[in-house]
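# Residue-level structural notes
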Number of protein chains: 2
Amino acid sequence: MLALSIVIAAGALSIIYGIVTVRAVMAADTGTQRMRDIADAIREGAQAYLRRQYTTIALVGIVLFVLLGFVLGWIVAGGFAAGAVLSGAAGFIGMNVSVRANVRTAQAATNSLADGLDIAFRSGAVTGLLVAGLALLGVAVSFAVLVHGIGYAPDSRTVVDALVALGFGASLISIFARLGGGIFTKGADVGGDLVGKVEAGIPEDDPRNPATIADNVGDNVGDCAGMAADLFETYVVSIVATMVLAIVAFAGSPSLGAVLLYPLAIGAACIVSSIAGTFFVRLGVTESIMGALYRGFIATGVLSLAALALVTWLVFGDPTAALTTAGGETFSPLALFGCGVIGLLLTAVIVVITEYYTGTQYRPVQSIAAASRTGHGTNVIQGLAVSLEATALPALAIIAAIIGANALAGLFGIAIAVTAMLALCGFVVALDAFGPVTDNAGGIAEMAGLPARVRTATDALDAVGNTTKAVTKGYAIGSAGLGALVLFAAYTSDLAHFTAHPDLYTYFAGVTVDFSLSNPFVVVGLLFGGLLPFVFGGFGMTAVGRAAGSVVEEVRRQFREKPGIMTGESRPDYGRAVDLLTRAALREMILPSLLPVLSPLVCFGVVLLVAGRSDAFAAVGAMLLGVIVTGLFVAISMTSGGGAWDNAKKFIEEGHFGGKGSEAHKAAVTGDTVGDPYKDTAGPAINPMIKITNIVALLLLAVLAHG
Amino acid sequence: MLALSIVIAAGALSIIYGIVTVRAVMAADTGTQRMRDIADAIREGAQAYLRRQYTTIALVGIVLFVLLGFVLGWIVAGGFAAGAVLSGAAGFIGMNVSVRANVRTAQAATNSLADGLDIAFRSGAVTGLLVAGLALLGVAVSFAVLVHGIGYAPDSRTVVDALVALGFGASLISIFARLGGGIFTKGADVGGDLVGKVEAGIPEDDPRNPATIADNVGDNVGDCAGMAADLFETYVVSIVATMVLAIVAFAGSPSLGAVLLYPLAIGAACIVSSIAGTFFVRLGVTESIMGALYRGFIATGVLSLAALALVTWLVFGDPTAALTTAGGETFSPLALFGCGVIGLLLTAVIVVITEYYTGTQYRPVQSIAAASRTGHGTNVIQGLAVSLEATALPALAIIAAIIGANALAGLFGIAIAVTAMLALCGFVVALDAFGPVTDNAGGIAEMAGLPARVRTATDALDAVGNTTKAVTKGYAIGSAGLGALVLFAAYTSDLAHFTAHPDLYTYFAGVTVDFSLSNPFVVVGLLFGGLLPFVFGGFGMTAVGRAAGSVVEEVRRQFREKPGIMTGESRPDYGRAVDLLTRAALREMILPSLLPVLSPLVCFGVVLLVAGRSDAFAAVGAMLLGVIVTGLFVAISMTSGGGAWDNAKKFIEEGHFGGKGSEAHKAAVTGDTVGDPYKDTAGPAINPMIKITNIVALLLLAVLAHG
């Protein structure tokens, strides 16, 4: 209990860090009245959207809460509620900080680039550390209450089910937030650009564009709240899956307590190292923003490595002791430490690869920019080529990590690698949440007519924000893919546990699951799972296309009915565009969100009818892997490809191949438009989709075992 | 031997059909001297390309022939040579008919639409029936020589290895022909359009465009020779895999002879029904070209159904007799007939689904056309959305077919379903090979300045050709995916056979392969296999982009150096563009072609070093499934999406959303350009890529067993 208290204290520390930092950010100057007015409009729009999004999710959530309560008991339903509420809170608080920091960043940038970076980064760090802290607290406090409070055995089914339900709650928020936010932000961005830049010929963030406030609102609800919910979920679900794996693998072993504590302790240690890392972010004499952020990131990584060693020693004592699983596998704490190191290294490798594929200084982005010279078509062809190619190295890195961690400590080793990878999420989310703040700051500077040098400073911050956003997405998908493998392992372990005790779990009597690839139902499951990311991606793209189309029509209508907008004599009705997108995003997010929730049930039901229980379990298990196999590639190709298109445009805007206004630039704008829903809606939403499929399958097992 | 003689006679019948039909086509009028000149230029270019392509492939082929001869013996190497030579012959003859039929079709269209259709379809039917006939002959004659000639037992390893090597020979030609032809044709098409339509503002097939002959050459080397090699390979490989499966499953059983004969007999019967079907293609009073083609297709399907029943009765006698595998599975000939019916039904279902996603009269294509109104970006976004969504129904149909065939007769049932599906390939390839002929006929009519009504007739034929090309690709990929599953089954059966006899196959002593999804090396294999289609697709797209870029520069150079071209005073140098593309296509096809050949070896080698033989076999097996799982979706999304983009442009050209020349049309041209390499280079080349990976794995087993 002492160790668990320390873990909880580390979670609490992140909240204290958040409160202190928020105070510091809020104390900063908010600039002129015009700036405040614009920021108010953005804030109101974002809050209105999030309120309605959460109301919609709450309706679905309450239905599921009652269902879970009746089927699996109210303790499990409570876990679900806790996961959902904490995930929602992380996104809500983060976004509220973000919409207040934007105007302060713009004002600070009037002083210096360093001041602007300071406010923007610190507000992002609040979101980042709240995500990590609340996620850790959610798992640790739930575990403490169930085991030390109510007195359940750590390996009792109620504990497992409640933890899985906690993950399910987080997943539910995450998929809705990712999709809804993604559709909102890219509907506004694509629609606004099409009608503003292309048709009316006015620059981005021009106050005459009625969609411009909606675009800035979108940055906050998509990149800030959506990303926060996503990584909150990945964190919770991966730690939960690691613990479930530990419970099944070490059931009845004296090491159970230690291996259960280990993932939580890693999370706690890395919160401390992430907080420490934030203090290393300071603009040096070279004025390199990316350099400042990387300094902080590297510091966090190095400190985490040390913390990992310390934690391993504290939790296990003798690093060469033998930990033996119920299956007879044996490995040492040192091997587990090695797996943690693999997780940290994988994070670094994925960051480097993503930067290669999305950075303006490397071949892929430059090849897209060069292809823009021969037109829109060749730009898109080359962009698609890069997006397909960009999947290879991350996949190979993940494969290497799996092989390495497995060699050291089997499946549990892979789980520990994922845990270590995700333990860094406090700092990584900070990098991402920095993006919308600087993007907004640039918009406010533009709309409020601040001097050109301010816009130059915010543009510099914004360009870095694009890179960090791409890097974070690579990290999110890599960890999600690996985390899903752990979830799949939890599914097979759970299933093995149930089928081994048919007396307790009568539904599983006579079930012998053949997960071999030569079982045709495994192939069926793989194919069925494999199609989900494609269909889901297609839905996401269509939704953005439709939302953008309605924005285009609304803006055209405003321009037509109020000719004074273009001359600057009358103000556009910003609220209408925000309202319209809010309705579109909420309407469009429901169906695709239900796809991963219902698919495991449909797969199980159909195969059950055709071939019986054993094959149904095999098909669902294979389906989980099928979703991971195609989902990983589809998601990486979309996020990397989208980032590369975006920066190919920026590369041309820097003056290459004719620069701004050239034919090459027009082609690059098309590529950027295509990349927008790729990288910010469909691609990132595949993460929670993969995991929700897995967690629903785990819940299905729980329900069948209970019934 | 009598039965086998009948099969061989059916193969010979297809060749006789070919000779008779070629004579009839060649007897038709070749029109004016100007038309003949143009046709000669196309023919010379196509022949020059194919000659150089085959020379390049021959170099690789000779190396592999010698390698196979030394390692597995010269009989096996002979099988490889036979597969390669026959595949090359099918493509070569087909293309030679096609480049002679084009001008005759143009001339016949001056008489009537019905005459034009007649020449074009019959020349396509020559290619189609040669593909089916030569493929069947290759397998049947090889089997007859080995078993009845030399006297090997039907289930001896030499027979299996020689048949697999036959498939490998076909695969090798196929991947080179698909990629090389695809890069040539789309490099010419994209490059020619960009510089002609977009920059110079001249219509497609305008004789002033120096790339126009190359574009027409491309249709023949890509859509005709490339597709022929692809389906030849799918046919051979699937029948071989079915026979290998039969040999392993029925080793020592009295039914072995019958089950080995059955797939060959299905092929023979369907050649006869396909020939019969060609006589049903005749333009009715409604003048519906698609109607005429569908009439022939439906006739072929119905006749094949009857033929399938007859063949089942002739091969097995009592339809309710029990066929028992070595593993103890039992099923009746009636069940196998049911599997054949599933294969025929799956073909019909895939044709209908593909038409839905690529036909101008349905929602998907119209949604892309509608999205073109708001610009290039939204056109591409909606096209990508359709391409992703288009994977779902074909995958579900394939899943249903697997479940159905497996329920009737296990893995061998799935193999029979694939065999029946592919047995229709004579007619299906005829539909596809019809496309380049009509496409060329339109080009010749345009360049030779024939009256407008001729161009109207050839345009009508060409539009139908676009649909049949898309439909054929859906069929090719569906059958390839299912065929690859049979190959995978052959891999696992082979492996089980070797590990069961460690005394004979010493390398396999102590090997126990765990194909379960909970083996981390299975996950590693799935991920590694999964990345191949993405990387391969990326290579293909990049290659087309580069080839098109060099065409653009060549055409710009000619326009610049000879200003007389645009005024019609001087003739462009068509040969330079053909030459340039030939070199580009051959250069670009090598590296991606080697990817699937080397990947199984790399995967095996790496896992062997890290974890030993058992896990290496597991990883390679999983890799084969991984390639299928992502390859199926990537290929379907590319070919359907590309077809939809193409027809969205046609839909606008029909006068919707502003018609030709409108802004929507420009956006639709961009989409069409993007779709070109998607649907004609990267997407279709994934078929042979999937199968070559599988067949190399089978050869790897043979080599290890031999050594």
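In this text, all values refer to a predicted model and were calculated from it rather than measured experimentally.

Scoring rules and cut-offs
- Residues numbered from 1 in each chain as written.
- Chains lettered and ligands numbered in written order.
- Predicted model: local features only at pLDDT ≥ 70, side-chain atom pairs only at ≥ 80, totals over all residues.
- Heavy atoms only, no water.
- Contact = heavy atoms within 4.5 Å.
- Buried area = accessible area lost by both parts, 1.4 Å probe.
- Salt bridge = Lys/Arg side-chain N within 4 Å of Asp/Glu carboxyl O.
- Helix = DSSP H or I, 4+ residues; strand = E, 2+ residues; numbered from the N terminus.
- Nonpolar A, V, L, I, M, F, W, Y, C, P; charged D, E, K, R; others polar.
- Core = buried A, V, L, I, M, F, W, Y, C linked by side-chain atoms within 4.5 Å.
- Buried < 20%, exposed > 50% of the residue type's maximum accessible area, 1.4 Å probe, protein only.
- UniProt positions renumbered as here; feature names shortened; annotations may be inferred.
- Axes fitted to C-alpha atoms, helices over the stretch in contact; angles between N-to-C directions.
- Parallel < 35°, antiparallel > 145°, perpendicular 65-115°, else oblique.
- Left-handed = near helix turned anticlockwise from the far one by under 90°.
- Disulfide = S-S within 2.5 Å.
- Phe/Tyr/Trp six-rings, centres within 6.5 Å; stacked < 30°, edge-to-face > 60°.
- Lys NZ or Arg CZ within 6 Å of the ring centre and 35° of its normal.
- Patch = residues over 30% accessible without salt bridge, like charges linked within 9 Å, V, L, I, M, F, W, Y side chains within 5 Å.
- Areas by Shrake-Rupley, 256 points an atom, 1.4 Å probe, with all protein chains shown as cover.
- Expected span 1.5 Å × (residues − 1).
- Bend = angle between axes of the 7 residues up to and from the residue.

## Concerning the interface of chain B and chain A
In this complex, chain B contributes 65 residues to the contact, which on the side of chain A involves 65 residues. Around 5700 Å² of area is buried between chain B and chain A when both sides are counted, 86% of it from carbon and sulfur atoms. The three residues of chain B that bury the most area against chain A are B:Leu517, B:Leu527 and B:Phe534, which together make up 13% of that side's buried surface. On the surface where chain B and chain A come into contact, there are 0 salt bridges. The biggest single contributor to the side of chain B that touches chain A is helix 15 (residues 520-561) of chain B, with 18 residues. The class makeup of the residues in the side of chain B that touches chain A is 43 nonpolar, 19 polar and 3 charged.

## Some points on the nonpolar core
By size, the foremost hydrophobic cluster in this structure holds 559 residues, and its most contacted members are A:Phe121, A:Tyr491, A:Leu517, B:Phe121, B:Tyr491 and B:Leu517. Discounting chain neighbours no more than four positions away, the residues touching B:Tyr491 are B:Phe515, B:Phe617, B:Val620, B:Gly621, B:Leu624, B:Ala697, B:Leu698 and B:Leu701.

## Focus on the UniProt feature "site: Determinant of potassium independence" (unreviewed entry) in chain A
All names here are of chain A. UniProt marks Lys469 with the feature "site: Determinant of potassium independence" (unreviewed entry), using the numbering shown here. For lysine 469, the location among the structural elements is in helix 14 (residues 452-500). A residue is classified by how much of its surface remains accessible, and lysine 469, at 7% relative accessible area, is buried. Ignoring any residue separated from it by four or fewer positions in sequence, one finds lysine 469 in contact with Asp223, Asp432, Gly435 and Asp439.

## So, the packing of helix 5 (residues 157-200) of chain A against helix 19 (residues 663-706) of chain A
All names here are of chain A. Two numbers describe how helix 5 lies on helix 19: the axes approach to 9 Å, and their chain directions differ by 160°. On the basis of the axis angle, helix 5 is roughly antiparallel to helix 19. Of the two elements, helix 5 crosses helix 19, and the hand of that crossing is left-handed. Here the contact of helix 5 with helix 19 is built from residues that sort into 18 nonpolar, 6 polar and 7 charged.

## Details of the pattern of salt bridges
All names here are of chain B. Counted under the stated rule, the structure contains 52 salt bridges over all chains. Lysine 473 is the partner of aspartate 680 in a salt bridge, and the nearest nitrogen-oxygen pair spans 2.6 Å. You can see aspartate 680 sitting in helix 19 (residues 663-706) and its partner lysine 473 sitting in helix 14 (residues 452-500), a full 207 residues away along the chain. As far as the burial class goes, aspartate 680 and lysine 473 line up, both buried.

## Some remarks on the state of the cysteines
A covalent bond between the sulfur atoms of two cysteines is what we call a disulfide. All names here are of chain A. All told, the structure shown has 0 disulfides over all chains when counted by the stated rule. Cysteine cysteine 425 remains unbridged, with the sulfur of cysteine 270 as its closest cysteine sulfur at 9.8 Å. Take cysteine 425: its relative accessible area is 0%, and that puts it in the buried class.

## Side note on the packing of aromatic side chains
Per the counting criterion, the structure on display carries 50 aromatic pairs over all chains. Seen from their ring centres, B:Tyr54 and B:Phe92 are 6.4 Å apart, and the 45° between their planes marks the pair as tilted. Here B:Tyr54 is found in helix 2 (residues 33-72), whereas its partner B:Phe92 is found in helix 3 (residues 74-111), with 38 residues between them in sequence. On the accessibility criterion, B:Phe92 (37% relative accessible area) is partly exposed. Taking 5.9 Å as the distance between ring centres and 65° as the angle between the ring planes, the aromatic pair formed by B:Trp645 and B:Tyr678 counts as edge-to-face. Taken together, the residues B:Trp645 in helix 18 (residues 613-653) and B:Tyr678 in helix 19 connect sequence positions 33 residues apart. Counting every residue linked through ring pairs, the aromatic cluster contains A:Phe498, A:Tyr505, A:Tyr507, A:Phe508, A:Phe604 and A:Phe617. Over the ring of A:Tyr507 we find A:Arg613, and its NZ or CZ is 5.2 Å from the ring centre.

## Regarding a nonpolar patch on the surface
Residues and elements named next belong to chain A. On the surface, Ile62, Val63, Val66, Leu67, Phe70, Val71, Trp74 and Val703 cluster together to form a nonpolar patch covering roughly 760 Å² of accessible area. Here the element with the most residues in the nonpolar patch is helix 2 (residues 33-72); it accounts for 6 residues. Within the fold, tryptophan 74 resides in helix 3 (residues 74-111). Assessed through its relative accessible area of 48%, tryptophan 74 is described here as partly exposed.

## Some points on unusual backbone geometry
Within the chain, A:Phe657 stands out as a residue other than glycine whose phi angle is a positive 50°. With respect to the helices, strands and loops of the structure, A:Phe657 is situated in the loop between helix 18 (613-653) and helix 19. For B:Glu287, which is not glycine, the phi torsion reads 60° and is therefore positive.

## Quick notes on helix 3 of chain B
Its 38 residues give helix 3 of chain B an end-to-end C-alpha distance of 55 Å, which sits within 8% of 56 Å, the value for a rise of 1.5 Å per residue. B:Ala101 marks where helix 3 of chain B bends most, by close to 30°.

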